[in-house]
Amino acid sequence: MAVMGGEVTAGCWLDGDRLVLATGSEEWYDDEELALPPRHLGVWSMSGGHWLHRSPVPDADPGVLLLARGDQVLSLHGHPRLLDAATGRVVAEWPEVCVPVKPTCFGHRRVPTPVAALHPDGTRLAVAQAESIAVIELP
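Everything numeric in this text was worked out from a predicted model, so none of it was measured. (Residues numbered from 1 in each chain as written. Predicted model: local features only at pLDDT ≥ 70, side-chain atom pairs only at ≥ 80, totals over all residues. Heavy atoms only, no water.)

### A closer look at the overall build of the chain
Phase 1 of the analysis: Helix and strand content of the chain: 0 helices and 11 strands.
Phase 2 of the analysis: Written out in order from the N terminus, the α and β elements of the chain read β-β-β-β-β-β-β-β-β-β-β.
Phase 3 of the analysis: Taking all 139 residues of the chain together, 45% fall into the buried category.
Phase 4 of the analysis: Intrachain contacts of the chain at a sequence separation of at least 6 include 40% that bridge at least 24 residues.
Phase 5 of the analysis: Put simply, the chain shows about 7200 Å² of open surface, and 54% of that area lies on carbon and sulfur atoms. (Helix = DSSP H or I, 4+ residues; strand = E, 2+ residues; numbered from the N terminus. Buried < 20%, exposed > 50% of the residue type's maximum accessible area, 1.4 Å probe, protein only. Contact = heavy atoms within 4.5 Å. Areas by Shrake-Rupley, 256 points an atom, 1.4 Å probe, with all protein chains shown as cover.)

Shown next, in the form of structure tokens:
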């Protein structure tokens with residue numbers, strides 16, 4: 001498997017071969033040349049056994065990831081952001097929709113995991129709020 005330079009905080013499959021992984025801000029390098037650095041998204045090819053892409057995520061830890069569609073993933077960390085998995089670029093974001101700031105998809109019992117549901121066709125995201133459900137139309 002991949003060499004990590006940062007703590008893996010989340011991951012999801014893009015398809016049957018590609019796995020996208022996110023790292024948080026904690027550093028621990030095994031091999032800097034092969035590592036996925038902190039605050040990065042990496043797309044790993046299972047069949048090829050190598051990174052297809054390694055890109056920084058601007059502004060915040062990626063948080064919990066959810067596959068949106070194609071090469072895009074939803075980052076749920078403070079608010080939803082749609083990221084391009086290959087570049088780490090923010091495609092769209094919704095700062096008015098609050099989600100818990102949970103730095104990893106596991107642990108941290110005091111911070112709840114964001115509750116979100118993606119429509120099967122990848123066009124809408126529903127996010128639980130304190131008193132309602134926010135429905136976001138994805139671009």
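### Regarding the confidence of the model for the chain
Phase 1 of the analysis: Of all residues in the chain, 81% attain a pLDDT of 70 or more, and the chain-wide mean is 83.
Phase 2 of the analysis: Averaged pLDDT values over the elements of the chain bottom out at 82 in strand S5 (residues 64-69) and peak at 95 in strand S11 (residues 133-137). (pLDDT = per-residue confidence, 0-100.)

### Some words on the side chain of Ser55
Phase 1 of the analysis: Along the polypeptide, Ser55 turns up in strand S4 (residues 50-56).
Phase 2 of the analysis: A polar contact is formed between the side chain of Ser55 and the backbone oxygen of Thr87, at a distance of 3.4 Å.
Phase 3 of the analysis: Excluding anything up to four places from it in sequence, Ser55 contacts Arg39, His40, Leu41, Ala86, Thr87 and Gly88. (Polar contact = N/O pair within 3.5 Å; in protein donor to acceptor, adjacent residues only side chain to side chain.)

### Comments concerning the sheet that holds strand S8 (residues 90-93)
Phase 1 of the analysis: The antiparallel open sheet is built from 4 strands, whose spatial order is S5-S6-S7-S8. Each edge of the sheet is formed by a strand with only one pairing partner; in this case those strands are S5 and S8. Neighbour to neighbour, the strand axes of the sheet diverge by 25 degrees on average, direction disregarded.
Phase 2 of the analysis: Both S5 and strand S6 (residues 72-77) contribute to a ladder of 5 bridges, which runs antiparallel. Bridging from a neighbouring strand, Leu66 pairs with Leu74 of S6. (Pairing = 2+ DSSP bridges. Axes fitted to C-alpha atoms, helices over the stretch in contact; angles between N-to-C directions.)

### Re the environment of Gly11
Phase 1 of the analysis: Along the polypeptide, Gly11 turns up in strand S1 (residues 6-13).
Phase 2 of the analysis: When the C-alpha atoms of Gly11 and Val64 are compared, they prove to be 7.7 Å apart, with 53 residues separating the residues in sequence.
Phase 3 of the analysis: Each residue touching Gly11, except ones within four places of it in the same chain, is listed here: Val20, Leu21 and Leu65.

### Things to note about the packing of aromatic side chains
Phase 1 of the analysis: Counted under the stated rule, the structure contains 1 aromatic pair.
Phase 2 of the analysis: Residues Trp44 and Trp51 carry aromatic rings whose centres are separated by 5.0 Å and whose planes lie at 80 degrees to one another, so their mutual orientation is edge-to-face. Each of the two residues, Trp44 as well as Trp51, counts as buried. (Phe/Tyr/Trp six-rings, centres within 6.5 Å; stacked < 30°, edge-to-face > 60°.)

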